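Now for the letters of each chain:
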Amino acid sequence: MIINDCCCEESVKTIKMSKIPVYMMPGLAASSSIFERIILPDDLFETVLLEWEIPVDKETLPEYAKRMAQKIRHPNPVLIGVSFGGILVQEMARFVEARKVIIISSVKTKIEFPRRMKVAKTTKAYKLIPTNLVANVESLAKFSFGAKIDQRLKLYEKYIRIRDKCYLDWAIEQIILWDRTVADENVVHFHGDEDDVFPIKNIKNCIVVKGGTHAMILNKYKWLNENLSKIILK
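In this text, all values refer to a predicted model and were calculated from it rather than measured experimentally.

Rules and cut-offs
- Residues numbered from 1 in each chain as written.
- Predicted model: local features only at pLDDT ≥ 70, side-chain atom pairs only at ≥ 80, totals over all residues.
- Heavy atoms only, no water.
- Phe/Tyr/Trp six-rings, centres within 6.5 Å; stacked < 30°, edge-to-face > 60°.
- Helix = DSSP H or I, 4+ residues; strand = E, 2+ residues; numbered from the N terminus.
- Buried < 20%, exposed > 50% of the residue type's maximum accessible area, 1.4 Å probe, protein only.
- Salt bridge = Lys/Arg side-chain N within 4 Å of Asp/Glu carboxyl O.
- Pairing = 2+ DSSP bridges.
- Axes fitted to C-alpha atoms, helices over the stretch in contact; angles between N-to-C directions.
- Contact = heavy atoms within 4.5 Å.
- Core = buried A, V, L, I, M, F, W, Y, C linked by side-chain atoms within 4.5 Å.
- Parallel < 35°, antiparallel > 145°, perpendicular 65-115°, else oblique.
- Nonpolar A, V, L, I, M, F, W, Y, C, P; charged D, E, K, R; others polar.
- Right-handed = clockwise from strand over helix to strand, strands pointing away.

Right, let's talk about the packing of aromatic side chains for a bit. The final tally for this structure, using the stated rule, is 9 aromatic pairs. A centroid spacing of 6.2 Å and a plane angle of 25° characterise the contact between Phe-113 and Phe-198, whose relative ring orientation is stacked. Of this pair, Phe-113 sits in the loop between β4 (100-104) and α4 (115-123) while Phe-198 is found in the loop between β5 (188-192) and β6 (207-209), placing the two residues 85 residues apart along the sequence. Neither Phe-113 nor Phe-198 differs from the other in exposure class; each is buried.

In structure tokens form, the structure reads like this:
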């Protein structure tokens, strides 16, 4: 059988196109390097890592999500988001026909917020958070990954990418003021039973990861690697 270069090129293109595109969005202020331990079979998936960008003046979360959605270059992608990134990918799904949306250590609606966040919205106390202080690495690492990281703080510090005050002010406000009240039934939600940012007692309809903290994308990566592919392909 004679196979010319054109046929070979088409075959390679077909194989590449058959892979499922998976876009991953990190949590608040974090770098996409938080996904460095997440390994999806490269014969089945094409992974694309997204990064936070500084919001433009008075940009709303839906507007930001629409702008981020323009980075999606594949049809029917899987969107995976961690923490605030989980909120963002749900908003991005309004502008992208996603194959599946998966959130990790996040929430599906404002109803799943802990009481302190609901109080912060009512009292506008979130405006009093000194983000210029939060921007120091130690405070920001705890703010992004939860208070339980004390013993391994140096490890977590390397995953912090953005310390810009404008971004932090914007991000905190967008989280607190997020107004979604009805969960998308198609969203797949992984949540740790030891999450101290979004306590499991407030979370409904999720896949519970035993021993998972808010930073479980880093310390429960083996469990995620065993189960992510199955969930995507299910």
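You will see that Asn-76, though not glycine, has its phi angle at about 50°, which is positive. With respect to the helices and strands, Asn-76 occurs in the loop between α2 (61-69) and β3 (78-82). With a phi angle near 50°, Asn-205 is a residue other than glycine that sits in the positive phi range. Residue placement: Asn-205 occurs in the loop between β5 and β6.

Per the counting criterion, the structure on display carries 9 salt bridges. Across the pair Glu-59 and Arg-67 runs a salt bridge whose closest N-O atoms are separated by 2.8 Å. Its salt-bridge partner being Glu-91, residue Arg-180 comes within 3.3 Å of it at the nearest N-O pair. Here Arg-180, found in the loop between α8 (165-176) and β5, pairs with Glu-91, found in helix α3 (residues 84-92); they are 89 residues apart in sequence, far enough to count as distant. As far as the burial class goes, Arg-180 and Glu-91 line up, both buried. A network of salt bridges, in which partner residues are shared, links Glu-53, Glu-59, Arg-67 and Lys-71.

Time to look at the sheet that holds strand β1 (residues 20-25). An order of β2-β1-β3-β4-β5-β6 is seen for the 6 strands of this open sheet, with the pairing classed as parallel. Each edge of the sheet is formed by a strand with only one pairing partner; in this case those strands are β2 (45-49) and β6. Averaged over all neighbouring strand pairs, the angle between strand axes comes to 20°, with direction disregarded. Strand direction decides the pairing type here: β1 and β3, joined by 4 bridges, are parallel. Within β3, the residue paired with Met-24 across the bridge is Ile-80. On top of the sheet, helix α10 (residues 221-233) reaches β1, β2, β3, β4, β5 and β6; it is set at about 155° to β4, its chief contact.

Right, let's talk about the nonpolar core for a bit. Soluble, globular proteins show a tendency: their nonpolar side chains are buried together. If you look at the biggest cluster of nonpolar residues, it comprises 38 residues, and the most contacted ones within it are Trp-52, Phe-84, Leu-88, Met-92 and Tyr-167. Of all the elements in the fold, those that place two or more residues in this core are β1, α2, α3, β4, α4 and α8. No other element matches α8, which puts 7 residues into this core. In this structure, Phe-145, Tyr-156, Val-188 and Ile-217 belong to the second largest nonpolar core, which totals 29 residues.

A few words now on the packing of α2 against α3. Orientation of α2 relative to α3, taken along the N-to-C sense of each, is 80°, at an axis distance of 8 Å. By the angle between their directions, the pair α2 and α3 is classed as roughly perpendicular. In contact with Leu-61, Pro-62, Tyr-64, Ala-65, Met-68 and Ala-69 of α2, α3 contributes Phe-84, Ile-87, Leu-88, Glu-91 and Met-92. Of the residues in the contact of α2 with α3, the class split is 10 nonpolar, no polar and 1 charged.

By secondary structure assignment, the location of Ser-229 is in helix α10. In contact with Ser-229, not counting residues within four places along its chain, are Leu-40, Pro-41 and Phe-45.

For the rest of this paragraph, the subject is the pairing of β1. Looking along a regular strand, one sees side chains alternate from face to face of the sheet. Burial analysis of β1 places 6 of its 6 residues in the buried class, the great majority of the element. Alternating residues of β1 divide into Ile-20, Val-22 and Met-24 and Pro-21, Tyr-23 and Met-25, and every residue in both groups is buried.

When you tally the buried positions in β4, you get 5 out of 5 residues, the bulk of the element. Burial of the side chains of β4 extends over both faces: Lys-100, Ile-102 and Ile-104 are buried on one face and Val-101 and Ile-103 on the other. Summarising the sheet, β3 and β4 pair through 5 bridges and their orientation is parallel. Following the sheet pairing, Leu-79 is matched in β4 by Val-101. After leaving β3, the chain enters α3 and then returns to the sheet as β4, a path that is right-handed.

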